[in-house]
Amino acid sequence: MIFERIINSEQETEELAKQLAALLKPADVLTLEGDLGAGKTTFTKSVAKGLGITRNVNSPTFTILKQYEGRLPLNHLDVYRLADSDEDLGWDELFYGDAVSIIEWAHLIETDLPPERLAIEILQLEDEQRKFAFTPFGKRYEQLCEELFE
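Residues numbered from 1 in each chain as written. Predicted model: local features only at pLDDT ≥ 70, side-chain atom pairs only at ≥ 80, totals over all residues. Heavy atoms only, no water.

1. Some thoughts on a negative patch on the surface
A cluster of acidic residues, Glu10, Glu126, Asp127 and Glu128, forms a negative patch at the surface. Considering the arrangement of structural elements, one finds Glu128 in the loop between strand S6 (117–126) and strand S7 (129–137). (Patch = residues over 30% accessible without salt bridge, like charges linked within 9 Å, V, L, I, M, F, W, Y side chains within 5 Å. Areas by Shrake-Rupley, 256 points an atom, 1.4 Å probe, with all protein chains shown as cover. Salt bridge = Lys/Arg side-chain N within 4 Å of Asp/Glu carboxyl O. Lys, Arg positive; Asp, Glu negative; His and termini not counted. Charge placed at Lys NZ, Arg CZ, Asp CG, Glu CD. Helix = DSSP H or I, 4+ residues; strand = E, 2+ residues; numbered from the N terminus.)

Structure below.
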């Protein structure tokens, strides 16, 4: 099942992300897909705010991973530069620890992703309008989506 929502502004994106953040638990994994400029990093910044992270959150494109401390720790990954890499970067330690992990361009490491996760696709429709499509993999994420989309 796919849960969808149309968002009309950056403020609505922030509200959705903060609502999601309130439901997150340790070791939750979110994957983000969308074209350049779709709003993946904006969404991540808002999830971080919702987790009580006060540091500036920006894209880890060149470093691949940035970590932040809040109500829950956050691993923010941008794996775009790993497109043709078969290097083991210790995914298990990241994905099965106590932090929430958000992975941008996650399809590039599909085989390394945990089987249970929440896949989020962001489609740019017009100017600031976006369609968010949430696809839960596993009971935990189905329940999370049901609660988020009540």
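2. Overview of the pairing of strand S3 (residues 65–68)
Where S3 meets strand S4 (residues 74–78), four bridges bridge the pair, whose relative direction is antiparallel. Across the sheet, Tyr68 pairs through a bridge with Leu74, a residue of S4. (Pairing = 2+ DSSP bridges.)

3. Quick notes on the pattern of salt bridges
On inspection of all chains with the given rule, the structure shows six salt bridges. For the salt bridge of Arg117 with Glu110, the shortest nitrogen-to-oxygen distance reads 2.8 Å. Residue classification places Arg117 among the buried positions, given a relative accessible area of 8%. Taking the relative accessible area as the measure of exposure, Glu110 reaches 42% and is therefore partly exposed. Across the pair Glu142 and Lys139 runs a salt bridge, and its minimum N-O distance is 3.6 Å. Here the residue Glu142 and the residue Lys139 both occupy positions in helix H4 (residues 139–148), the gap between them amounting to three residues, near one helical turn. Under the relative-accessibility criterion, Lys139 is labelled exposed at 57%. Shared partners join several salt bridges into a network, and the residues in it are Glu14, Lys18 and Lys49. (Buried < 20%, exposed > 50% of the residue type's maximum accessible area, 1.4 Å probe, protein only.)

4. Topic: helix H1 (residues 10–23)
Relative to the 20 Å expected for 14 residues at 1.5 Å per residue, H1 spans 20 Å between its end C-alpha atoms, a close match to the ideal helical length. Listed as buried for H1 are Thr13, Leu16, Ala17, Leu20, Ala21 and Leu23. Along the long axis of H1, the arc covered by the buried residues comes to 155 degrees, so they all point the same way. Facing away from the buried side of H1 by more than 90 degrees, the exposed set consists of Gln11 and Ala22. (Expected span 1.5 Å × (residues − 1). Arc of directions from axis to C-beta.)

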